[in-house]
Amino acid sequence: MAGMTRPLLNRRLAEFGTTIFAEMSALAARTGSINLGQGFPDTDGPEEIREAAVRALREGRGSQYPPGPGVPELRAAVAEHQQRRYGLAYDPDSEVLVTAGATEAIAAALLALVEPGDEVIALEPYYDSYAACIAMAGGTRVPVTLRPHEGAFVLDLDELRAAVTDRTRLILLNTPHNPTGTVLDRAELTAIAELARERDLLVVTDEVYEHLVFDGAEHVPIAGLPGMRERTVTIGSAGKTYSFTGWKVGWATGPRELVTAVRTAKQYLTYVSSGPFQYAIAEALRLPDTYYDGLRADLQRKRDLLGDGLRAAGFEVYRPQGTYFITTDITPFGEKDAYAFCRALPERCGVVAIPNSVFYDDPDAGRSQVRFAFCKRKELLDEAVARLKRLAP
Ligand SMILES: *Cc1c(COP(=O)(O)O)cnc(C)c1O
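Residues numbered from 1 in each chain as written. Predicted model: local features only at pLDDT ≥ 70, side-chain atom pairs only at ≥ 80, totals over all residues. Heavy atoms only, no water.

Description of the sheet that holds strand 10 (residues 249–253)
Phase 1 of the analysis: Pairing in this open sheet of seven strands is mixed, and the strands run 2-10-9-8-7-3-4 from one edge to the other. Only two strands of the sheet have a single partner each, and these edge strands are strand 2 (96–100) and strand 4 (140–145). Neighbour-to-neighbour, the strand axes of this sheet turn through a mean angle of 25°, independent of strand direction.
Phase 2 of the analysis: One ladder, built from four bridges, connects strand 3 (residues 119–124) with strand 7 (residues 168–174); its direction is parallel. Residue pairing in the sheet places V120 in a bridge with L170 of strand 7.
Phase 3 of the analysis: Taken strand by strand, helix 5 (residues 128–136) contacts strand 3, strand 4, strand 7 and strand 8 (202–206), and its axis lies near 160° from that of strand 7. (Pairing = 2+ DSSP bridges. Helix = DSSP H or I, 4+ residues; strand = E, 2+ residues; numbered from the N terminus. Axes fitted to C-alpha atoms, helices over the stretch in contact; angles between N-to-C directions. Contact = heavy atoms within 4.5 Å.)

Here's the deal with a nonpolar patch on the surface
Phase 1 of the analysis: The grouping of L111, M136 and L269 at the surface amounts to a nonpolar patch, some 240 Å² of accessible area in total.
Phase 2 of the analysis: Position of L269 among the secondary structure elements: in the loop between helix 9 (256–266) and helix 10 (275–284).
Phase 3 of the analysis: Of the residues examined, L269 reaches a relative accessible area of 41% and is grouped as partly exposed. (Patch = residues over 30% accessible without salt bridge, like charges linked within 9 Å, V, L, I, M, F, W, Y side chains within 5 Å. Areas by Shrake-Rupley, 256 points an atom, 1.4 Å probe, with all protein chains shown as cover. Salt bridge = Lys/Arg side-chain N within 4 Å of Asp/Glu carboxyl O. Buried < 20%, exposed > 50% of the residue type's maximum accessible area, 1.4 Å probe, protein only.)

Section: the pairing of strand 2
Phase 1 of the analysis: With five of five residues buried, strand 2 is to be regarded as a mostly interior element.
Phase 2 of the analysis: In this structure, strand 2 lies alongside strand 10, joined through five bridges in antiparallel fashion. Looking across to strand 10, one finds that A100 is bridged to V249.

Right, dumping it as structure tokens:
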């Protein structure tokens with residue numbers, strides 16, 4: 001075949017294979033296992049929002065290319081949401097950009113803001129698209145590892161400070177954090193903000209789980225801290241908040257110059273996407289607080305159900321304060337290799353999970369960690385727990 005004398009996949013992407021989510025979801029389908037791997041809910045979001053999408057489709061709204069930055073209704077609703085919840089003011093015309101999910105916003109932000117050779121700091125274990133997008137942008141990723149401490153994962157601020165060099169361009173934050181469930185608190189974010197200002201760094205912050213915080217924890221957007229609005233791109237998504245992950249509606253907010261830069265990259269990725277769904281999500285963003293309270297309460301119950309079940313089954317369980325994932329450790333089973341454990345799990349008990357080891361640069365750091373998603377129907381979680389108890393160490 002032509003062109004085979006050198007590897008087909010370019011050097012920037014050489015280290016990346018199929019995402020772990022595709023691999024494990026295929027394994028779940030093949031073995032008929034309960035899929036607690038990939039993080040998507042097994043029920044649809046609010047009926048009235050689905051109806052809003054049907055209405056948009058029927059009325060032909062969004063059937064043709066929507067405006068590049070997103071439909072005005074959605075941009076206005078995003079700006080209103082940021083104002084109402086966090087007191088953050090963004091101009092819907094120049095400071096809000098609608099994207100094909102948070103995934104595209106992350107890609108566009110990194111492609112726009114990172115110069116080859118720039119260092120990008122990301123919290124490890126990291127969401128898998130971060131590493132690939134930093135690589136596609138020609139950047140160098142510099143992981144700062146969240147470490148287990150008293151039953152949860154915490155950020156070591158000294159480690160973060162030590163990771164900044166003269167080549168650091170930006171800090172890629174994720175709070176609430178996937179996969180650990182860590183929610184950075186105001187004091188931690190204040191320290192990160194100070195560091196960003198001191199070293200003149202940009203911040204790109206992935207806040208797709210902003211509404212999924214438990215135990216009364218507060219989600220604090222770093223963009224709202226002193227001096228941070230001007231250097232922060234905040235990324236949100238409808239997928240996790242409204243349980244419509246297939247609609248792929250996300251957004252970026254920030255000062256005009258930053259959003260313009262992100263838009264420049266975004267317009268050559270998808271240009272636009274999700275036309276009719278944009279109108280429906282504009283309505284979703286205006287749902288009353290009771291919707292978010294209900295979502296949170298439901299997920300907190302499911303977290304507790306799965307967490308207790310995993311503990312009873314013999315796992316070491318780290319308590320998540322946010323997201324819909326629980327990270328566990330398999331050391332109590334006398335096992336060390338999460339990848340091998342997850343590959344064998346369908347056979348052993350008919351459940352699929354994700355090895356966190358793939359979210360680390362240092363293969364030893366997360367070697368024995370396994371992630372379970374709890375955004376599933378209660379009956380399914382009950383059944384999964386019953387099956388997992390067969391593992392008894
Ligand atoms: C799910 C997820 C995304 C992707 O969001 P989409 O809107 O589906 O593209 C981004 N970041 C994190 C941390 C996620 O868990």
